[in-house]
Amino acid sequence: MKLYVGNLSFETTENDLQDLFEQHGKVAEVALMMDRMTGKSRGFAFVTMNDATEAAAARHDERRH
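Residues numbered from 1 in each chain as written. Predicted model: local features only at pLDDT ≥ 70, side-chain atom pairs only at ≥ 80, totals over all residues. Heavy atoms only, no water.

1. A few points about the overall build of the chain
Here is step 1 of the chain: Scanning the chain for helices and strands turns up two helices and three strands.
Here is step 2 of the chain: Rg of the C-alpha trace for the chain: 12 Å, near the compact-globule value of 11 Å for 65 residues, within the 12% margin.
Here is step 3 of the chain: If you take every contact in the chain between residues at least 6 apart in sequence, the share linking residues at least 24 apart comes to 53%.
Here is step 4 of the chain: Total accessible area on the chain stands at roughly 4,600 Å², and carbon and sulfur atoms take up 48% of it.
Here is step 5 of the chain: Distance between charge centroids for the chain: 7 Å, based on 8 positive and 11 negative side chains. (Helix = DSSP H or I, 4+ residues; strand = E, 2+ residues; numbered from the N terminus. Rg over C-alpha atoms; globule rule 2.2 N^0.38 Å. Contact = heavy atoms within 4.5 Å. Areas by Shrake-Rupley, 256 points an atom, 1.4 Å probe, with all protein chains shown as cover. Lys, Arg positive; Asp, Glu negative; His and termini not counted. Charge placed at Lys NZ, Arg CZ, Asp CG, Glu CD.)

In C-alpha cells, the structure reads:
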C-alpha cells in the first residue's frame, strides 16, 4: 500500500521516514519528492508498505503527529 505523507519539514530525510514508518512494519520503499531545480525537498513523500494492516496502523499513528 502506497501512503502519501505531506506537510513535511524541508529537513526531513528518507531515512527519517523509514525509521518512523518501520515502527509499524516493513517499509518497501520511501520516495521523498525533490525539486529538480534546487535539489531541495518539496515537503511530501510516498511510503510503500506491503502489508495493508501495517500500513493502516502507520497511517492511523501518523494522523496523531
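Having seen it, we continue.
2. Digging into the pairing of strand S3 (residues 41–48)
Here is step 1 of the chain: With six of eight residues buried, S3 is to be regarded as a mostly interior element.
Here is step 2 of the chain: Here strand S1 (residues 2–5) pairs with S3 via four bridges, running antiparallel. Among the inter-strand pairings, Lys 2 is bridged to a residue of S3, identified as Thr 48.
Here is step 3 of the chain: Two elements, strand S2 (residues 29–34) and S3, share five bridges in a ladder whose sense is antiparallel. Bridged to Ala 31 within S3 is Phe 46. (Buried < 20%, exposed > 50% of the residue type's maximum accessible area, 1.4 Å probe, protein only. Pairing = 2+ DSSP bridges.)

3. Overview of the nonpolar core
As a rule of thumb, nonpolar side chains are buried together in soluble globular proteins.
Here is step 1 of the chain: Within the largest apolar cluster, 13 residues are counted, with the highest numbers of intra-cluster contacts made by Val 5, Leu 8, Leu 17, Phe 21, Val 27, Val 47 and Met 49.
Here is step 2 of the chain: When residues no more than four places from it in sequence are discounted, the contact partners of Val 27 are Gln 18, Phe 21, Glu 22, Val 47, Thr 48 and Met 49. (Core = buried A, V, L, I, M, F, W, Y, C linked by side-chain atoms within 4.5 Å.)

4. Thoughts on the environment of Phe 21
Here is step 1 of the chain: Summarising the element assignment, Phe 21 is placed in helix H1 (residues 14–21).
Here is step 2 of the chain: C-alpha separation for the pair Phe 21 and Ala 58, spaced 37 residues apart in sequence, amounts to 6.1 Å.

5. Quick word on the sheet that holds S3
Here is step 1 of the chain: With antiparallel pairing, three strands are arranged side by side in an open sheet as S1-S3-S2. Sheet topology places S1 and S2 at the edges, where each strand pairs with a single neighbour. Averaged over all pairs of adjacent strands, the angle between their axes in this sheet comes to 20°, without regard to strand direction.
Here is step 2 of the chain: Relative to the sheet, H1 contacts S1, S2 and S3, its axis offset from that of S2 by approximately 145°. (Axes fitted to C-alpha atoms, helices over the stretch in contact; angles between N-to-C directions.)

6. Thoughts on the packing of aromatic side chains
Aromatic rings in a pair are described by how distant their centres are and how their planes are angled relative to each other.
Here is step 1 of the chain: In this structure the tally under the stated criterion is three aromatic pairs.
Here is step 2 of the chain: Seen from their ring centres, Phe 44 and Phe 46 are 6.0 Å apart, and the 90° between their planes marks the pair as edge-to-face.
Here is step 3 of the chain: What makes Phe 44 buried here is its relative accessible area of 17%.
Here is step 4 of the chain: Its relative accessible area of 26% is what places Phe 46 among the partly exposed residues.
Here is step 5 of the chain: Site record: aromatic cluster; members linked through ring pairs are Tyr 4, Phe 44 and Phe 46.
Here is step 6 of the chain: Its end group placed over the ring of Phe 46, Lys 2 keeps NZ or CZ at 5.8 Å from the ring centre. (Phe/Tyr/Trp six-rings, centres within 6.5 Å; stacked < 30°, edge-to-face > 60°. Lys NZ or Arg CZ within 6 Å of the ring centre and 35° of its normal.)

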